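The chain contents come next:
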Amino acid sequence: MQKRVITFGTFDVFHVGHVNILERCASLGDTLIVGVSSDALNMSKKNRAPVYNQYDRLKIIQSLSFVDEVFFEESLEKKRDYINYYRADVLAMGDDWEGKFDEFNDICEVVYFPRTPSISTTEIIEIVKSI
Ligand code: C2G
């Protein structure tokens, strides 16, 4: 059976930590589906607009060879609907979300990967600001 993997993220100011997690997610199955947080969701989640708008963030993710399908994640409350709609067998996320999505164990396998250390969008923004 072909295995479908789903993951979610903002992927703002795209960096190698994002590449690493998406590669790891892709290695779990045959098809990788990525939900990219909309600008509105990001505003509500982090209280600031992303540096790159949702269309640019989606385009970057879509251009990766190991990503097969992309869509906008409009609400954190819709995860179950997205998993069902995209017929995902596995939900994979970085371990900053450890335990947060265990409730979906009834419809798919839930996997958490260790984050890539020492890199984040917030840190990059701080470094650029200080230059
Ligand atoms: N990530 C990572 N290592 C880093 C930075 C990020 O593995 N150094 C992973 C995160 O754990 C996450 C993915 O990259 O799985 C995307 O990270 P963010 O863009 O920060 O996504 P986030 O805002 O956490 O959105 O529904 C869930 C949300 O949409 C997730």
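Right above here is the structure, for reference.
Since we're looking at a predicted model, the values are computed, not measured.

Draft legend 1. Layout of the overall build of the chain. The secondary structure content of the chain amounts to 5 helices and 5 strands. Secondary structure of the chain in N-to-C order comes out as β-α-β-α-α-β-α-β-β-α. Computed over its C-alpha atoms, the radius of gyration of the chain comes to 14 Å, within 12% of the 14 Å expected for a compact globule of 131 residues. Viewed in the frame of its principal axes, the chain has a C-alpha envelope of about 50 × 30 × 25 Å. Residue pairs in contact within the chain that sit at least 24 positions apart in sequence constitute 62% of those at least 6 positions apart. For the chain, the exposed area adds up to about 7,300 Å²; of that, 51% sits on carbon and sulfur atoms. Side-chain charges of the chain comprise 15 positive and 21 negative groups, with the mean position of each set lying 3 Å from the other.

Draft legend 2. Region of interest: the sheet that holds strand 2 (residues 31-37). With respect to topology, 5 strands assemble into an open sheet ordered 3-2-1-4-5, the strand pairing being parallel. Of all strands in the sheet, those with a lone pairing partner are strand 3 (69-73) and strand 5 (109-113), marking the two edges. Looking at each pair of strands side by side, their axes are set apart by 25° on average, direction ignored. Bridge analysis of strand 4 (residues 90-94) against strand 5 gives 5 bridges, and the strand direction is parallel. Looking at the pairing, L91 lines up with V110 of strand 5.

Draft legend 3. Representation of the site of the ligand within the structure. Near the ligand you find 21 residues, and of these K46, E73, K79, D96 and I119 are the closest. A distance of 2.6 Å separates an oxygen atom of the ligand from a polar atom in the side chain of E73. The contact in question runs from an oxygen atom of the ligand to an N or O atom on the side chain of D96, over 2.6 Å. Calculation on the ligand without its partners gives an accessible area of 630 Å², and the protein chains cover 95% of this total. Of all the elements in the fold, those that place two or more residues in the shell around the ligand are strand 1 (4-9), helix 1 (16-26), helix 2 (39-46) and strand 4. No other element matches helix 1, which puts 3 residues into the shell around the ligand.

Draft legend 4. Representation of unusual backbone geometry. The phi angle at F11 is positive, at roughly 55°, despite the residue not being glycine. In this fold, F11 is placed in the loop between strand 1 and helix 1. Positive phi, close to 50°, is recorded for V13, a residue that is not glycine. You can see V13 is positioned in the loop between strand 1 and helix 1.

Rules of the game
- Residues numbered from 1 in each chain as written.
- Predicted model: local features only at pLDDT ≥ 70, side-chain atom pairs only at ≥ 80, totals over all residues.
- Heavy atoms only, no water.
- Helix = DSSP H or I, 4+ residues; strand = E, 2+ residues; numbered from the N terminus.
- Rg over C-alpha atoms; globule rule 2.2 N^0.38 Å.
- Contact = heavy atoms within 4.5 Å.
- Areas by Shrake-Rupley, 256 points an atom, 1.4 Å probe, with all protein chains shown as cover.
- Lys, Arg positive; Asp, Glu negative; His and termini not counted.
- Charge placed at Lys NZ, Arg CZ, Asp CG, Glu CD.
- Pairing = 2+ DSSP bridges.
- Axes fitted to C-alpha atoms, helices over the stretch in contact; angles between N-to-C directions.
- Near = heavy atom within 4 Å.
- Polar contact = N/O pair within 3.5 Å; in protein donor to acceptor, adjacent residues only side chain to side chain.

Taken by themselves, the reported measurements are silent on function.
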